[in-house]
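# Structural features, examined
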Amino acid sequence: MSSIDTPADVPKPRAVARPAPTTMSWVTLALMTTASVASLRAAPTMAIYGLACVFLYLIPAIVFLLPTALVSAELASGWSGGVYRWVAEGLSKPLGFLAVWCQFAMTIFYYPSLLAFVASTIAYVIDPSLASNGVYTAIVIMVLYWTGVWISSRGTKALAGLSSWGLIIGTLVPGTILVVLGMVFLGQGNPSAAPMDSSHLLPQWTGLASLVLIVNNFLSYSGMEMNAVHVSSLKDPAKEYPKSMFLAVGLVLLIFILPALAISWVVPADQLSLTAGVMQAFDAFFSYFDVGWMTPIAAVMLVSASLGGMLTWLAGPSKGLLEISRHEGYLPPFLQKLNKFGIQQNILVTQGVVTSVIALMYALIPDVSSVYWIFSTITTQVYLIVYLLMFAAAMRLRKTRPDHPRGYRAPALGLLCTVGLLASLAAMAIGFVPPSQFGGSSVWQYLVIVGGGLAILGLLIPWAFLKFRKPGWTTAAAGDGTAGDAGEAAQSEGEQR
């Protein structure tokens, strides 16, 4: 109630002192961003290229990682609520729903590929031959996913801390061990499995398929927009945020490039598994240095970090989708129901059914690495829709609402958005070309699976929800104030990926 509406004889409520806004150093933000982006899971994918992986990591960092970081910072400093709010304000609410749907839908293929990595890692403790066994991989995916659904549906927060330690336990420590062992291995005069001379700085050109693996790096770099919500916590965003992002980019590149190189030093490209490559390298190094007992320890570190990240992501994006849908009526009532713990159990279970069907492909397709690559590509394709919409919304908001308060203004926004749009479109187009490592499988089969996954999951399903939604789908949540923060809630969950 304002002072104008308060009668003179009624004492005004005493003003409650609000705590000062929390400030954050630009170094802290850089470390947070590094933790949310960097991972060892993608290292085997680039290790195939040997020394050329440096080039293949740098290019998407320049044309995608930096534009995403700077543009999302401007949007976050002007409009709270995450990608839904940005796209809804800049383009339209239906396109905002498409963006938040794709942010959620990409996890449907993300979980099978993540858990396939976990399955192959566990295999090195039990029986390394299982790493290439599709039936074993499918069973592990389904068991771990449904266990995660059960834990998440109980509203358990005890495991939330796992994700906070993910950068240290599952990335920094094993990554450092891998690189140090690799350097000692080379320092003792052992030859590298991949050539390390200057003539191999660029990937060998064998047609467009030779560059397809660069697409995977776009997904590796996704998540920069998650930490953009913290730009207002900096003392001087205009100066400190760019410094923070450049430091984060440098750290991310080191975490991505050095372990990939270490893997290429000891595992020949033609023997490298895209799911078990990290453990192949650990196994080779530990065997060489006669410390094979450390292999299970490395596996436990990688598995614990991956499972912690999965549990964090399991409820995050679906929660954001749920709250926005309850406010706008995008999803049918069945998918909006909450269990007694306040968790969107029906969404998680429905997603689990689809994930289980997808997991069966590991049992049906002989080459586990090929299935892993297909799922990673579909995940990237769906997520790229989010970035296409984000860049387009940012350009339109700068034109239509130039005077809207922004805590940070990205330099040369038009150029950044144009580069980001073109890079995302190019990555999406290249994603339809089977990589040279895909083997002798049918090109048309690859196109149908990837194109079908993108069309159905990223376009057809959200279109159907918008086309057939009814006024009754909007629930009482529209008046409780929760939906306005839905995107931001989803992003805060995603920061701990």
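Before any of the text, the structure's been laid out above.
Residues numbered from 1 in each chain as written. Predicted model: local features only at pLDDT ≥ 70, side-chain atom pairs only at ≥ 80, totals over all residues. Heavy atoms only, no water.

### Considerations on helix H11 (residues 277-288)
Heads up, the rule is: Secondary structure follows DSSP: runs of H or I at least 4 residues long count as helices, runs of E at least 2 residues long count as strands, and numbering of each begins at the N terminus. Helices are assigned an expected span. That span is 1.5 Å times one less than the residue count. Think of it in three bands: with a 1.4 Å probe and only protein chains considered, a residue is buried below 20% of the maximum accessible area for its type, exposed above 50%, and partly exposed in between.
For H11, which comprises twelve residues, the first-to-last C-alpha distance of 17 Å matches the rise-based estimate of 16 Å (1.5 Å per residue) to within 8%. Taken as a whole, H11 has its buried residues at Gly277, Val278, Met279, Gln280, Ala281, Phe282, Phe285 and Phe286. Of the residues trailing H11, aspartate 290 is marked for its positive phi of about 60°.

### Considering the packing of helix H4 (residues 82-90) against helix H5 (residues 93-126)
Test applied: For helices, the fitted axis covers only the stretch in contact; all axes are lines through C-alpha atoms, and the angles between them, taken along N-to-C directions, range from 0 to 180 degrees. Roughly parallel here means an angle under 35 degrees, roughly antiparallel means over 145, roughly perpendicular means 65 to 115, and every remaining angle is called oblique. Handedness of a helix crossing follows the sense of rotation of the near helix relative to the far helix, less than a right angle counterclockwise being left-handed and clockwise being right-handed. Contact definition: two residues touch when any of their heavy atoms are within 4.5 Å. As a working rule, the residues Ala, Val, Leu, Ile, Met, Phe, Trp, Tyr, Cys and Pro are called nonpolar, Asp, Glu, Lys and Arg charged, and the rest polar, with Gly in that last group.
It is at 7 Å that the axes of H4 and H5 come closest, and there the two elements cross at 155°. Judged by the angle between their axes, H4 and H5 are roughly antiparallel. Of the two possible hands of crossing, H4 and H5 adopt the one that is right-handed. Two secondary-structure elements touch here, H4 through Val83, Tyr84, Val87 and Ala88 and H5 through Lys93, Leu95, Gly96, Phe97, Ala99, Val100 and Gln103. Grouping the constituent residues of the contact of H4 with H5 by class yields eight nonpolar, two polar and one charged.

### Brief notes about the pattern of salt bridges
Our working rule: Whenever Lys or Arg places a side-chain nitrogen within 4 Å of a carboxyl oxygen from Asp or Glu, that contact is recorded as a salt bridge.
Applying the stated rule across the entire model yields six salt bridges. Where arginine 398 meets glutamate 74, a salt bridge forms, and the shortest distance between an N and an O atom there is 2.6 Å. In this pair, arginine 398 is assigned in helix H15 (residues 368-400) and glutamate 74 in helix H3 (residues 53-78), connecting sequence segments 324 residues apart. Residue classification places arginine 398 among the partly exposed positions, given a relative accessible area of 25%. Residue arginine 406 pairs with glutamate 74 through a salt bridge whose shortest N-O separation is 3.0 Å. A residue pair is termed long-range when its members are at least 10 positions apart, and arginine 406 in the loop between H15 and helix H16 (413-430) and glutamate 74 in helix H3 qualify at 332 residues. Of the two residues, arginine 406 and glutamate 74, neither departs from the other in class, the shared state being buried. A network of salt bridges, in which partner residues are shared, links Glu74, Arg398 and Arg406.

### A closer look at the packing of aromatic side chains
Think of a pair of aromatic rings as described by two things: how far the centres are apart, and how the planes are tilted against each other in angle. The test is simple: Between the rings of Phe, Tyr and Trp (Trp by its six-membered ring), a pair exists once the centres lie within 6.5 Å; its type follows the angle of the planes, with under 30 degrees stacked, over 60 edge-to-face, and the other angles tilted.
Here the structure, examined in full by the defined rule, presents 16 aromatic pairs. Ring geometry for tyrosine 84 and tyrosine 330: centres 6.4 Å apart, planes at 70°, overall edge-to-face. With a gap of 246 residues between them, tyrosine 84 in helix H4 and tyrosine 330 in the loop between helix H12 (295-328) and helix H13 (333-336) connect regions that are remote in the sequence. Take tyrosine 84 and tyrosine 330: they sit in the same class, and that class is buried. Ring plane angle 80° and centroid distance 6.3 Å describe the contact between tryptophan 463 and phenylalanine 468, whose orientation is recorded as edge-to-face. Judged by its relative accessible area of 52%, phenylalanine 468 is exposed. Site record: aromatic cluster; members linked through ring pairs are Tyr84, Phe97, Trp101, Phe104, Tyr330 and Phe465.

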